[in-house]
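# Survey of secondary and tertiary structure
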Amino acid sequence: MNMQTAAAPAGLSTQDLVRRFGGLKATDGVSLDVAPGELHALIGPNGAGKTTLINLLSGELRPDGGSVRLGAADVSRATVQERVAQGMLRSYQVTSVFDSYTVLDNACLAALRKRRRRLSAWTGLRDCADVVDAAKEALRACRLEDVAEAQVDSLAYGQRRQLEIAMALAGEPSVLLLDEPMAGMSAAESAGVIALLQSLKGRYTIVLVEHDMNAVFALADRISVLVYGKIIATGSADQIRNHPDVRRAYLGDDADA
Amino acid sequence: MQEHNNRRWVLPLLFLVLAGVPFVAQWLGEPFYVTLGARILIYALAALALNLVLGFAGLVSFGHAMFLGLGCYAVGILSYHGFGNGWLQLAVCIAVCALVALIVGTVCLRTSGIGFIMITLAFAQMFYFLAVSLREYGGDDGLNIYEASSFGLFDLGGSQPVYWAAWGLLLASSLAMLRLRRSPFGMILRATHANPRRVDALGYSVFGVRLTAYVASGVLTGVAGLLLANLTAFASPSYMSWPVSGELIVMVVIGGLGSVLGPIFGAVAYLVLEEAFKSMTQHWMLLMGPTVVIIAMVAKGGYSNSLSWLRRPPPAAPTVQPPTAEGQKDRRAPDALAKEASA
């Protein structure tokens, strides 16, 4: 697959990241180091602060302390727009696409950002050939090219989830933040997304939040386990599987993962 | 969203009919119809402009009469001081409306929902009372305009020239709006209505897009005000009173939010009905109120939807649905699942 649209993957790291909601420390001194091209999974029980951490990385939330670095740049205070401009793109846990538009229009709007500094009010969106090409490329990668002209609210759930990823891809990211891309999918649909992520591995730096343990263990280069806002362990799939704290805190004693 | 491909005939037909109005009026010997027609076209232009923020961006601006009034006073005040040049008046009108829209928009767009409605209303009322306090320019009584805007080759003295100017501007604006709707800017603007968070996550400035639309909308409404001042030869605070803002919203809503031509039909329907009821009784509002309510209830989505039964739906888009996928079933047919469960 020729992804001439992809930017070079960039590293992503955080240092002592803190975010409080009232008295609750949703993110409590998180230091994370994701190498360029690495697929780094974040796991943890419900309420562990995974989505909060993604929101801190993407810029939707501002940290109360600590820093976020994208490549060599400190982006702790950068807005979402500035981070997107530097190649950090995300998908949402709850599908968040434009329902009244076609699949291709959704992808075009995502692809447009990198390719046009100004938004034309005169030229049709579909008349921007390079944008449409980039959008189609992302749809192809996510196997959505057959439904490109369908309106999004007519899509099946799994396809909407795939579009969620395609939109992040169409923005030509160097870092992808994927918040539970397989949430609510059937086994067959999940398998499709796992294959997709496998094909993206290495070409993007990916931070993957996911509950599907099979997917995580199959895909991740490294895994970090988040419990009550703290990272209690980071390591390879095997290390995490056999980590005593992780087994106790998350997988449960009877888990035979 | 292909409806405009299926309704290509609507725009040419509409403007052809509108172009016939002055001739029919002349034939009937009723020049009043040209004045009424011009007024309708001017309000249609303002409604079209309002639709940019109300219909496309989903922002309920309850203060657009402010721009209408600013356009009127741009003509009134300049003409009072002897500046009858229409180009100068137009430039001042655009500059003032753009500046006011920039400032007001910057404040209002920090809020949303009810907050946005209230703050736009508050700003409009501020300008209303500012106009009332301008004793030099007639204050409460308004300001007579003795000299129509002169554009060199033509001037806007009388109903006919105003009618044709409004007709041309409305046509140009409608065509531009049709293009804008499908353009990157228009698509993003409409997307900010449905899902601002995602627009933000894609790296666009929701605030910037909304503000741009608000300023453009304000300027176009101001130009409508410039025409209105020439039609009535009068600039009055009443043009920026809040009921006028409300009327503009009603026109857009009964015409159909978000469609380009809907507001034009809304303005025509509203003002023609108003005129008809006024000729029947002085208590015309008693008839107008229920009529608007009925239109709003019967034609939900306005003109655009009431016409939709006329055209066949486009062929269903091909959706690939792997038969094994359980997740789809769950999402698509909760009722069916419930039935299954209870059976």
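Residues numbered from 1 in each chain as written. Chains lettered and ligands numbered in written order. Predicted model: local features only at pLDDT ≥ 70, side-chain atom pairs only at ≥ 80, totals over all residues.

Moving on: the overall build of chain B. Each helix and strand counted, chain B has 16 helices and two strands in total. Across the 343 residues that make up chain B, the buried fraction comes to 46%. Sequence-distant contacts, at least 24 apart, represent 76% of the contacts inside chain B between residues at least 6 apart. (Helix = DSSP H or I, 4+ residues; strand = E, 2+ residues; numbered from the N terminus. Buried ≥ 20, exposed ≤ 12 C-beta atoms within 10 Å, placed from the backbone. Contact = placed C-beta atoms within 7 Å.)

Before going further, it helps to examine the overall build of chain A. A count of helical and extended segments in chain A gives nine helices and 10 strands. Expected size for 257 residues packed as a compact globule is a radius of gyration near 18 Å; at 18 Å, chain A falls within 12% of this value. With respect to the three principal axes, the spread of C-alpha positions in chain A is 55 × 40 × 35 Å. A burial count over chain A gives 50% of its 257 residues as buried. The long-range fraction of contacts in chain A, counting pairs at least 24 apart against all pairs at least 6 apart in sequence, stands at 67%. (Rg over C-alpha atoms; globule rule 2.2 N^0.38 Å.)

Residue and element names in this part refer to chain A. Strands sit in the order β2-β1-β4-β5 across an open sheet of four strands; the sheet is antiparallel. Among the strands making up the open sheet, the edge pair consists of β2 (24-34) and β5 (73-74). Bridge count for strand β4 (residues 65-70) against β5 is two bridges, and the pairing is antiparallel. If you follow Arg69 over to β5, its bridge partner there is Asp74. On top of the sheet, helix α1 (residues 50-58) reaches β1 (12-21), β2 and β4; it is set at about 60° to β2, its chief contact. (Pairing = 2+ DSSP bridges. Axes fitted to C-alpha atoms, helices over the stretch in contact; angles between N-to-C directions.)

All names here are of chain A. For strand β7 (residues 175-179), the tally of buried residues reaches five of five residues, placing the bulk of the element in the interior. Taking every second residue as pointing to the same face, both faces of β7 are buried, with Val175, Leu177 and Asp179 on one and Leu176 and Leu178 on the other. Taken together, the four bridges between strand β6 (residues 88-91) and β7 define a ladder with parallel strand orientation. Residue pairing for β7: Ser91 is matched across the bridge by Leu178. Across five bridges, the pairing between β7 and strand β8 (residues 205-209) is parallel. Across the sheet, the residue bridging to Asp179 is Val209, located in β8. As a crossover connection, the stretch from β7 through helix α6 (residues 187-200) into β8 is right-handed. (Right-handed = clockwise from strand over helix to strand, strands pointing away.)

Another point: the domain arrangement of chain A. Residues and elements named next belong to chain A. What the domain assignment lists for chain A is domain 1 (7-87 + 175-257) and domain 2 (100-172). A separation of 26 Å is found between the C-alpha centroids of domain 1 and domain 2. Between domain 1 and domain 2, the residue contacts involve 11 residues of the former and 11 residues of the latter. Within the residue set of the side of domain 1 that touches domain 2, elements represented by two or more residues are β7 and α6. For the side of domain 1 that touches domain 2, the residue count by class is eight nonpolar, two polar and one charged. (Domains from an automatic or database assignment. Nonpolar A, V, L, I, M, F, W, Y, C, P; charged D, E, K, R; others polar.)

This part is about unusual backbone geometry. Residues and elements named next belong to chain A. Phi at Asp16 takes a positive value of approximately 50°, unusual for a residue other than glycine. Among the structural elements, Asp16 can be located in strand β1. A count of 13 C-beta atoms within 10 Å places Asp16 in the partly exposed class.

Note that β1(A) and β2(A) share eight bridges and pair antiparallel. The residue of β2(A) that forms the bridge with A:Ser13 is A:Asp33.

Residue and element names in this part refer to chain A. With respect to the helices and strands, Leu177 occurs in strand β7. A count of 25 C-beta atoms within 10 Å places Leu177 in the buried class. Separated by 122 residues in the primary sequence, Leu177 and Asn55 have C-alpha atoms spaced 9.3 Å apart. Excluding its chain neighbours within four sequence positions, the residues that come into contact with Leu177 are Ile54, Leu57, Ser58, Met88, Arg90 and Val207.

A separate point is the interface of chain B and chain A. One frequently used descriptor of interface size is the decrease in accessible area upon assembly of the parts. The interface is formed by 33 residues belonging to chain B together with 40 residues belonging to chain A. Secondary structure elements with two or more residues in the side of chain B that touches chain A: α7 (159-182), α8 (184-194), α9 (196-201) and α15 (326-332) of chain B. Among the elements that line the side of chain B that touches chain A, the one with the most residues is α8(B), at seven residues. Residue composition of the side of chain B that touches chain A, by class: 16 nonpolar, 10 polar and seven charged.

Time to look at helix α11 (residues 242-255) of chain B. Its 14 residues give α11(B) an end-to-end C-alpha distance of 20 Å, which sits within 8% of 20 Å, the value for a rise of 1.5 Å per residue. Buried residues of α11(B): B:Val244, B:Ser245, B:Glu247, B:Leu248, B:Met251, B:Val252, B:Val253, B:Ile254 and B:Gly255, and no others. (Expected span 1.5 Å × (residues − 1).)

What follows concerns the environment of A:Leu109. Inspection of the secondary structure puts A:Leu109 in helix α3 (residues 103-115). For A:Leu109 and A:Val131, which are 22 residues apart along the polypeptide, the C-alpha to C-alpha distance reads 8.4 Å.

With that settled, the discussion passes to the packing of helix α4 (residues 65-80) of chain B against helix α5 (residues 86-108) of chain B. Residues and elements named next belong to chain B. Here α4 crosses α5 at 140°, and the two axes come no closer than 9 Å. Along this stretch, α4 crosses α5, giving a crossing that reads as right-handed. For the pair formed by α4 and α5, the contact residues are Phe67, Leu70, Gly71, Ala74, Val75 and Leu78 on the first element and Leu88, Gln89, Val92, Cys93, Val96, Cys97 and Val100 on the second. Taken together, the residues of the contact of α4 with α5 break down into 11 nonpolar, two polar and no charged. (Left-handed = near helix turned anticlockwise from the far one by under 90°.)

Residues and elements named next belong to chain B. Under the 1.5 Å per step criterion, the end-to-end length of α5 is 31 Å for 23 residues, consistent within 8% with the ideal 33 Å. Gly86, Gln89, Val92, Cys93, Cys97, Ala101, Val104, Gly105 and Cys108 are the residues of α5 that are buried. In the core, the buried residues of α5 are packed alongside α4, α6 (114-132) and α10 (206-232).

Let us look at the confidence of the model for chain A. In this model, chain A carries an average pLDDT of 89, and 94% of its residues clear a pLDDT of 70 or more. Overall, residues 1-5 of chain A carries pLDDT values under 50, and its contacts beyond four positions in sequence, including any with other chains, amount to seven contacts. (pLDDT = per-residue confidence, 0-100.)

All right, on to the sheet that holds β8(A) then. Residue and element names in this part refer to chain A. Judged by pairing direction, the sheet is mixed, and its six strands sit side by side in the order β6-β7-β8-β3-β9-β10 without closing on themselves. On the outer flanks of this sheet lie β6 and β10 (230-235), each paired with one strand and no other. Each strand axis lies, on average, 20° off the axis of its neighbour in the sheet, ignoring direction. As judged from the four bridges shared by strand β3 (residues 39-43) and β8, these two strands associate in the parallel manner. Residue pairing across strands places Leu42 opposite Val209, the latter belonging to β8.

Turning next to the confidence of the model for chain B. Atomic detail in the predicted coordinates should be set aside for any region of low pLDDT. Chain-level pLDDT for chain B is 86 on average; 85% of the residues reach the 70-or-more range. Across residues 308-343 of chain B, where pLDDT falls below 50, the model places 37 contacts with residues more than four positions away in sequence or in other chains.

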